[in-house]
Each structure stands twice: as structure tokens, then as C-alpha cells.
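Each chain, letter by letter, is given below.
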Amino acid sequence: VRCPKCKETLLTREWEKNQKVCMRCSYHFKLTAYERIEMLVDPESFVEIDAGMVSADPLGFVKRAKDEVQTYPDKLRDEIKKSGLNEAVVSGYATIEQQPLALAIMDFRFLGASMGSVVGEKITRAIELAIAKKIPVLVSSTSGGARMHEGTFALMQMAKTSAALAKLGEAGLPYFSLLTDPTTGGVTASFAMLGDVTLAEPGALIGFAGPRVIEDFMHIKLPEGTVNSEFVLRHGMIDAVVHRNQLRTTLARLLRFYTPAACTWTRRSAVAASSQAGEK
Amino acid sequence: VRCPKCKETLLTREWEKNQKVCMRCSYHFKLTAYERIEMLVDPESFVEIDAGMVSADPLGFVKRAKDEVQTYPDKLRDEIKKSGLNEAVVSGYATIEQQPLALAIMDFRFLGASMGSVVGEKITRAIELAIAKKIPVLVSSTSGGARMHEGTFALMQMAKTSAALAKLGEAGLPYFSLLTDPTTGGVTASFAMLGDVTLAEPGALIGFAGPRVIEDFMHIKLPEGTVNSEFVLRHGMIDAVVHRNQLRTTLARLLRFYTPAACTWTRRSAVAASSQAGEK
Amino acid sequence: MAYDLEFEKPLADLEKKIVALQKKGDRLKAEEHRQLQDMERELRRRTEEIYRDLTSWQTVQVARHKERPHSIDYLRLMCDDFFELCGDRAFNDDHAILGGLAQFHGETVMFVCHQKGRTMKEKQYYNNGMPHPEGFRKAQRLMKQAEKFGIPLVTLIDTQGAFPALEDEERGQAEAIASNLYVMSRLRIPSLSVVIGEGGSGGALALGVTDRVLINEFSIYTVTSPESAASILWRSNSFAQQAADALRISGRELKKLGLVDDIVSEPLGGAHHNPPQAAENVKAAICKQLAEIKQIPLDELLEIRYQKYRSIGHFAWAEGSEA
Amino acid sequence: MAYDLEFEKPLADLEKKIVALQKKGDRLKAEEHRQLQDMERELRRRTEEIYRDLTSWQTVQVARHKERPHSIDYLRLMCDDFFELCGDRAFNDDHAILGGLAQFHGETVMFVCHQKGRTMKEKQYYNNGMPHPEGFRKAQRLMKQAEKFGIPLVTLIDTQGAFPALEDEERGQAEAIASNLYVMSRLRIPSLSVVIGEGGSGGALALGVTDRVLINEFSIYTVTSPESAASILWRSNSFAQQAADALRISGRELKKLGLVDDIVSEPLGGAHHNPPQAAENVKAAICKQLAEIKQIPLDELLEIRYQKYRSIGHFAWAEGSEA
Ligand SMILES: [Zn+2]
Ligand SMILES: [Zn+2]
């Protein structure tokens, strides 16, 4: 494979052993959802949920151009075939260093990991599973934005996932957000930016509008890497930029910080609170 | 009197009738606490509290210079004599258009309205009175900063007054902050900036460090009026700049917005809440 | 108010004739008088006819009409008193968001709105209703203040979207929007939003997570502007019309899709033909809905709000997989 | 570690002699060996003697000593693991505030600290521990996160004060500080602060509204720096020494005045003479106090916290007036 950043030609075997990070310039190639899961969680610990969920066609969407008529179901069929995935996110639960968590991992190969009803629904279900099991949540984001073919339904997934995270927060459970290349649009402007702790892989494009929109809008040319992981770290939007080979350890550490056993005070006070009547 | 801004000489009688605002350039002269109270509240409605509270000397403060030894009690005696006030704030309760509120009005004549124990204590008592009576609070601020002669005691008044406002907030009672010329230092960095609604008179100097400190620190010269009411409005720190002749009406309107009778929903839910057990 | 949109051509023609006759005033012959009345009736009929079946793209034209009433007009027409609250308490006062306390139908309501602007100068002042991050943060500040005092929240939505410049990335446009969605979903007060013109993208939704979502009849609510949807899907924004229609973004379409709770009907020819009437309709709709949601116990209201957004979305199951 | 402060001159002289003898190493005669031991004993005795009665101004010198351990040193020495959390989620990541999650004595603690810096480069990076508004906002974000998860909060205070530039006024330095005081006073978690060096002005207090306030023996906590107090009161900052002493700002003075809950003793000659020992003392003090406040039911803790600040201040009544 050839590194798009430093143009070095890399030996596939070594490159794969290096977690698909360029050995020369540390460029982080995109990972598939399953590659990332394998990299992050304890072996054999991942249990997938909602694997068979596929998109419907709420708008009866048809794209008509001069010589072409393409329906959303057509498009979906192509994407499923091309990617071997049913949708742009894989969700479930697993353990990292024996610590349980729910997770949802987006996969850019499926329609640019755009967010439609299924992405919103699967992420929301993963969060609700975490609430039911009283475990933390990790979402690994990558996305080109909202799924245009689902129109306002796609937009509303931002509200749905954010509301689910708000419930998770009220339940006192932590949410870790991992941003990977690229994360833009409605995904950034909802669950991706709501982490109790937010991490990003180095050099990932991260933004709301994305550089092309900004350039078109402002009639300027942005220097390469203007809106990326390091930029959002500098501007106070995330907690850390973490090299891929440190991610698993980092998540394990984070899980330990928030584990109820580590919060001796919380446990006590939670018991006290549950013995009280009424709200929360 | 002569207007320090436009240099116009003003007829005292007219100037007083105009609430000590320059008829030509609208420069707002400083008011004494009692002038401001008279201007703001319903006639005869003001009841002063803690009028006799005077400063003690917690540090045994003595300022020794070459040919001069001045104690804090000496200084206080001078200030009391000069200003006719016991301290830099006048507090109590009153009504504005028949709507009750607690109020504390600072007076720059007394040691530059610096905040020591008495200022902190009187303001805190006014807030606590409001909590007990379930009425809103207005603080009209002006201050050169913390009362140096009381050292760390003066600093802690920032925490004391802010904590009292936090309690007021938990009780669901509104706090209106009025900023007048000049408001700087520890007063700005505590109760002055904590208004649910914050108003300022036009052209008032408002800041944390104050222009002289900034100039010394940055080795620059700031243009006149850099750090004032209009500046803090532009930067999102306050809600409105209000001409002195509109203040009373504005406060009356604000009181009406927050009056329980205007919040039909709150009343119902407050009743519901009080019938529940437990916290808040 | 003149008919000046492309699809209103027949109406404009008719109107021109009417105006010509009206000009005659007293010098109108009996014959002509009858003719005028006929034409006026005809204009009304034709307008009703055209507006009965507006496409999404035509609705976009009306929603963006330069004379369409904006938030500030609605506030003026609906509220007995309004006190603007300014600033995010951290950086700036973003005029694209207009909010404050209102005396509304005998009670205090917190309004938080997008505000566009009509003249060039106004558009600049209000940034054409496209908020910066500090605008969304001001909005959230007011929402939390409403929650603190138990004041119901009403938002008026009217924006193409959040401002997409580099400075907005620097100050966290995405974070500001996301944070509003999060907070609004759990606000412990009754809340309601009305899309009065353009509901564009995350910048609209950032004021839109409420117990009830209403939409003016000739307004739109869309994942992104038709132009930008066209350039994403068709790779050219000249397909905006196709995109608008395919995305089904008009109030009526959205009601059919179950994405809004109710439609507020507009005066004949759109809100700009009769702003006072438009405001009266919006006000009546707000009052009705608020009265309903105020009856619901708070914890229940929050759960209903959650389920409202929770249930949006359509999906299916691949063959051989179970639900 | 050399004695290099002005008032340490006698100690430095003694130390020089000691070092000269030590250099001889094995070539030291028996007589000289005894002499060395005597001098070392004498140095310890003299140091104790001098440090027993440090004035506030002398304490200022120690508190500002360039080798004095900073927050980052304490964190490294006290915590089993530390994960830094960054950013205010709105504008910037202010390095003058260093905060994050720690594994501390077998439990998770949220640390929020001022961080100075030793080298020129570090001082620039950390802005010499003088926060901008976004630093205080980052601090508040972490405090609220601690509250959300029921994690106890410990702050380490070490700053001359908030940064006083024009940009800080623009972004609301006063608001940022005030807001922290407000929020900290009601945080529903146990909280504790330790002044490890300079506790300067509102910039220090913005991390200082906690259930317990400890201070390192040779630290200061002051309404404003002695220099600036001098220029206000004496109209010249050359009176800094007089100001420091008149304001009674050393840890010991403050304990006498009832303004701090306890003093953490420092190694002989100040924390920089033995950072591991200093950190051990601070850690032990934190553990002891945290264990105490964790026992107190939350509502009671909040009321105790309120009363703690509520009761600070001295006043009297004018003749003829009643309390
Ligand atoms: Zn490379
Ligand atoms: Zn004048």
C-alpha cells in the first residue's frame, strides 16, 4: 500500500501488523469497524447486536438526473454489496481488560458512514443497553455527515442519539467518544462532541462544516490539516489525541477511573440516594 | 457642575432634576446610595437594615511609610466623617411599582466602595433576607475592588456573596445586577457578574483588572472607554445598557416577568414539588 | 402585497389587471366594478388553488420570501411585553439568536429565536439568522435560565443553518449544537418550537428539541438546504429543486411523515400577505399546545419528549436476521 | 539544594563551608569529619530557627522559589495514574489550568490545578500559572464532570492571579471567576483545596471554594500580590515587603486568623528541599481531610460549606445601632 501522506510504499504485512499506521509518518489509515473492534477489545469478548438492521426508505427517495434514475434502495443494495456490511455502524458490547462496556463503531466504507435512521437507532440501542446493564459506552465516530436520502429523518437522529446520551448521563454512566478520520457534519454536531472524555486519532479530519464547505463558503483555500484532531484539541474541544497503538490502554485506564469500585464515595452516596424517595 | 466628559457647565438644579445625567452628552455622574434608592424604589417604601454595621480591623492593619503611620481604624474614621456613611453599601428592602425586593446599593464615596467584611456581610444579609421573604434581589454595584486593609478577609467576601447568590438561585428567586461607574476588581468577579439579568448604566467603567492595570501590564495605552458598559454588552457579559431615566421602569418590568403570578406553570409545579419528599 | 414568485406568475398577471382597475377609483364604471370584483374573486380562487398543492421547492420560495415575517415581527405581534436578554457570558452577543422574556397570553414565556433580517444592513447585523457557536450558547443560557425559574420555553426557528466559517470551527460550532440537543432533551420545563420559515440543518435543530414541534404551513425543515443537498447528491446545486422535492421538506410533507406535531395555517398567499393574521395563528397554536403540555407531570413530560425523538426513524431487518 | 534567598544568607555561608569540606571526601581528617558533622547540625538548627519565624514577606520568597514543586510535580508524586482532561469545549485549552482524573490512594479523584512552569519555555506554555477565562471555564467543566460522577474534587492552588490583559476582559475574566465561585459553593461532591505556593487573588479563589482549605506551611494566600497591594496602598510597589507583612498572608498567619483549615508542614527549608517529602505530606493531609468530609451526608456538607464562607468576616456596630 501507498501512504497518502508521505507517499511511501509500505509492505502490506508490516503495515497491517502496525495497525494500519504508516511506519514512516504515522499516518492513520481508516479501519473497518471489525478491525477496530478487534484492536480495542478483549479477544472473543465482542457480542454484536442488531447486526441485521438495515435501512428502510422513509421518503421513497428517488434521485432523478438526465439519464439516470436511482432509488435509495438501489443505492443501499450497492453499498451492502460493496462493503459487506448491512449499515455504517457495528454495535454491541465487549470488555476491555475485563471491564465491560457497550460500543458502536462506525465504518466509513458504507455510504461514507453517513447517519440515517439505522445509524441513529443502533447507536441509541447501544446506549440504552448500557443504561440497562449499567456499563459505560464507547462510540467510535467517522462520518461524512447526515444521510441525505433520509432527509429530515436523518437530521432527527442527531436529537435521538443526543437525548439517549443525556439519559446515560443522568444514570451517572460515562460516555467515551473516539473521533477518527474523517468525522464531520451531523455526527460531529451530536454524539461525537458529547463525550465525557473525547479522544481523537492523530491527524483525523474533524469538523462541523468540513474544509470543503468552509472553503466554498469563505472563498479561501485552507492549508492542509487546518481542521483536524490537533486543531480541535488546541481549541479545547477534545481531551487528547491518542496514537492508535495507545488507544486500547488508554480506554482501559479511563474505564478504571470511572469504575464504581474506584469511586468509593459515589457508591456510598448512590446507596443513600436510592434509599430516598422521589426523583432522578 | 462641570461635565467631565463634554466639559459643559451644567446648572445644578437642572442637572439634579435630570438625575445627575449631563443634559448635553448623557454622561452619568455617580450617585450616592440614597440618591439611587430614591430614584429606583416607590416613595417611602425603603426600609434600611444593618445601617449601623461598621468595619472591624481583623488584621490589625497598619500602614507604615517614612513619615506616616496610619491604622485601618484611623482610615475608617476619616471615611465615615467624609462620607457621612458607616460603610460602602446601603441595604434593605423596598418595593418598585408595588413589587417587593431586597436591595443593596453601593456608594463609591466610602473608600472607593471597596469590598471588605461589612460590604460582603451586608450584601449577604440582604440576599438571605430575600430568601426568607421569597423576594427578588437587586444589587447596584460600584467598586474599586477589594478592601486591601482586610487582606484575605476581603478576598473571601467574593466567595461569601457568590455562595449566597447560589442559594438564592436554588430557591428559584431572581437576582438583578446593576453595574454603575466604576465597577472593577473583586466585586466584578463575584456578585456583579452573577445576575440572572445584568444591566449597566451607559458608559460605566466595568472590568476585572481595570484599564490602568491592563495598561501597566501590557505596556499599552487603551483608548478612552475601551472597557465599559458597551464593551461588556458587546462581549456578551450583560443583558442591556439602560439609561438612568429608564432604570426604574426596566426593573419594574423585570420584576413582573419573574413574579410567581406570571409563571402559571411554575406555581403549579412548585406546589407539586413541595408535596414530594427529599432534596433540593 | 404583490405576488412576485415564479410560480405565482398567473397571480401576478391577474393582480396587475386588478391594480390597473383599482387605480381608476371613483371613475370606475359599474361594468368595470363588477369586473374588478370578479377578478378579485378569481385571484383568491387561483391563489387557493396554487397554494393548495405547493411543491416542496415552491414552499422553499415562500419560506424564503423577502417580506416573510421574521421572529422579531412575531414577537412584536404576539407579546404584550418583551425584554431581550443578551450574550453568552463568555465571548460575544450573537444577534442571529434573539431571545428574552415575554409577557405572552397572561404568563411569562422565554422566547429563543433565530432572527434573519430584511435589509442588507439588518442581514449583516443578524448575520442573516445564521448563528455562531456563541449564539447557540446564548440560546442555551436562556433555556437554562427558563428552567431555573420554571418558565416555559418557546423557540422560533428560522435559519438556513449554522454559520460555516473557519472561526466557527475554532469556537466549536459542532460542540455548541450538540450541547443544545443534549440539554434541551432534558430541560425540566414545557417546551415548544415553531418553524416559522426555514428550518435548516443542525442550526435549526439546536433550537428544536422540544415537547412539541409546529411548523408554519409554507415553511420547511430540512437536513440541509436543497442547494447543498443537490451538490452532495447530484454534484451540482442546480438540482436544488429536485432535491427539495425528493427530500419532502415542506410543512405539509413533514406532517404526513410524522416529523412535526402540527401545521400552523398561514394567510392566503403566505404569511407575508398578512403578518398580523400569521402571528395570530402562531400565537393561538402556541397557546393551545402549551396548555396541553403544561398539564403533563414533569417526569412524564420528559419521558414523552424522549420517546418522541427516540421513535423517529425507519428501518427493516435483513433476511434471516431477527429483530 | 542551595540556600539562595536573601534571608537565608547565614545558611548559605554555612552551606558553602560544608560543601567545601564534603569535597575532600575520603581525604577528610577525623578532626574535619567531626567539624563537618557539627556544621551540618548547626545548619539544621539555624534553618529550623529561621524558618520557625518567617515573616509573611520571607514566606512570599519561599512560595515563589524557582525550584519550588509545582502542581505537576505533586501530581506525579502523589498519584498512581493521572489522565489529563483538556479544553473548555468552547474556545481553547488553557495550559495554566491542569486538570484530570487521578488514581489517588485507591480511589478516583478529580484534580484541578494551577500550573506554573520552571523554564522560560514552560512558563510561556503554562502562562506562568495565570489563567485566562477559558482556563477557569475548563476548571468548571471538570468540576461539573466530577459532580456528575460523584468523584471528589481536589484543587491545587498556585497562581499570582488571573491574567489581566485586554483579551481577558473581552472573554469575561470576571464572569469566569464569579461563575466558579457560584458553582463550587454548591457542588454536590466533597471538595478540598491546597494552596501549594502562591494563592493570589480571585484567580486563586476561583479554584478555592471547597469544603476544606489547606495551605502549605510556606505558602501565601492573598487578596492581591504584595506588590500590587503596595502600589494601591503605598502608591509604590517598592513597599511590597511592608504590604506582605501588613496583610498577614503566610500560611501560619492565615491559620491564626481562621482563614484556612489546616497547615501542611513542609520539609526543612521549604518544599523544594525535598519534593517527595512535601508531596507525601500533602497527600497525607488530603487523605485525612477527604476521609472526614466523605463521612458527612451531602446536604449537610453543603450547608457546612456555605456556613464556612458565610462566617468569614469581622464587623462591629456603630454606637447607638443594634445588631
Ligand atoms: Zn506515511
Ligand atoms: Zn456632558
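Residues numbered from 1 in each chain as written. Chains lettered and ligands numbered in written order. Predicted model: local features only at pLDDT ≥ 70, side-chain atom pairs only at ≥ 80, totals over all residues. Heavy atoms only, no water.

A. Representation of the interface of chain D and chain A within the structure. Facing 32 residues of chain D, the contacting portion of chain A comprises 28 residues. Contact between chain D and chain A buries roughly 2,400 Å² in total, counting both sides, with carbon and sulfur atoms accounting for 52%. For chain D, the biggest contributors to the area lost against chain A are F83, R89 and F149 of chain D; these three give 30% of the whole. Among the salt bridges present, the one from R253 of chain A reaches D81 of chain D, with a minimum N-O distance of 2.8 Å. In this assembly, chain D and chain A are joined by 14 residue pairs in polar contact (both at pLDDT 80 or more). Of the residues belonging to the side of chain D that touches chain A, the class tally is 14 nonpolar, eight polar and ten charged. (Contact = heavy atoms within 4.5 Å. Buried area = accessible area lost by both parts, 1.4 Å probe. Salt bridge = Lys/Arg side-chain N within 4 Å of Asp/Glu carboxyl O. Polar contact = N/O pair within 3.5 Å; in protein donor to acceptor, adjacent residues only side chain to side chain. Nonpolar A, V, L, I, M, F, W, Y, C, P; charged D, E, K, R; others polar.)

B. Spatial organisation of unusual backbone geometry. Residues and elements named next belong to chain A. Omega for the peptide link from D181 to P182 comes to -15°, which places this bond in the cis form. You can see P182 is positioned in strand β8 (residues 175–183). For K7, which is not a glycine, the phi torsion comes out positive at approximately 70°. Here K7 shows up in the segment before α1 (12–17). Judged by relative accessible area, K7 falls into the partly exposed class, the value being 47%. (Helix = DSSP H or I, 4+ residues; strand = E, 2+ residues; numbered from the N terminus. Buried < 20%, exposed > 50% of the residue type's maximum accessible area, 1.4 Å probe, protein only.)

C. Spatial organisation of the interface of chain B and chain D. Counting from both sides, the interface comprises 61 residues of chain B and, opposite them, 53 residues of chain D. The largest per-residue losses of area from chain B upon contact with chain D belong to M148, M156 and F208 of chain B, which jointly make up 14% of the total buried on that side. In this assembly, chain B and chain D are joined by four salt bridges. R310 of chain D is paired through a salt bridge with E121 of chain B; the nearest N and O atoms lie 2.9 Å apart. Linking chain B with chain D are 18 residue pairs in polar contact (both at pLDDT 80 or more), by the criterion used here. Those elements that place two or more of their residues in the side of chain B that touches chain D are β2 (53–55), β3 (62–65), α4 (117–133), α5 (151–170) and α7 (211–218) of chain B. Residues of the side of chain B that touches chain D, tallied by class, amount to 34 nonpolar, 17 polar and ten charged. Across three bridges, β2 of chain B lies against strand β9 (residues 315–317) of chain D in antiparallel orientation. Counted as the bridge partner of V54 of chain B is A316 of chain D from β9 of chain D. (Pairing = 2+ DSSP bridges.)

D. Fine view of a nonpolar patch on the surface. Taken together, F217, M218 and I220 of chain A make up a surface patch of nonpolar side chains, about 230 Å² in accessible area. F217 of chain A sits in the partly exposed class, given a relative accessible area of 35%. (Patch = residues over 30% accessible without salt bridge, like charges linked within 9 Å, V, L, I, M, F, W, Y side chains within 5 Å. Areas by Shrake-Rupley, 256 points an atom, 1.4 Å probe, with all protein chains shown as cover.)

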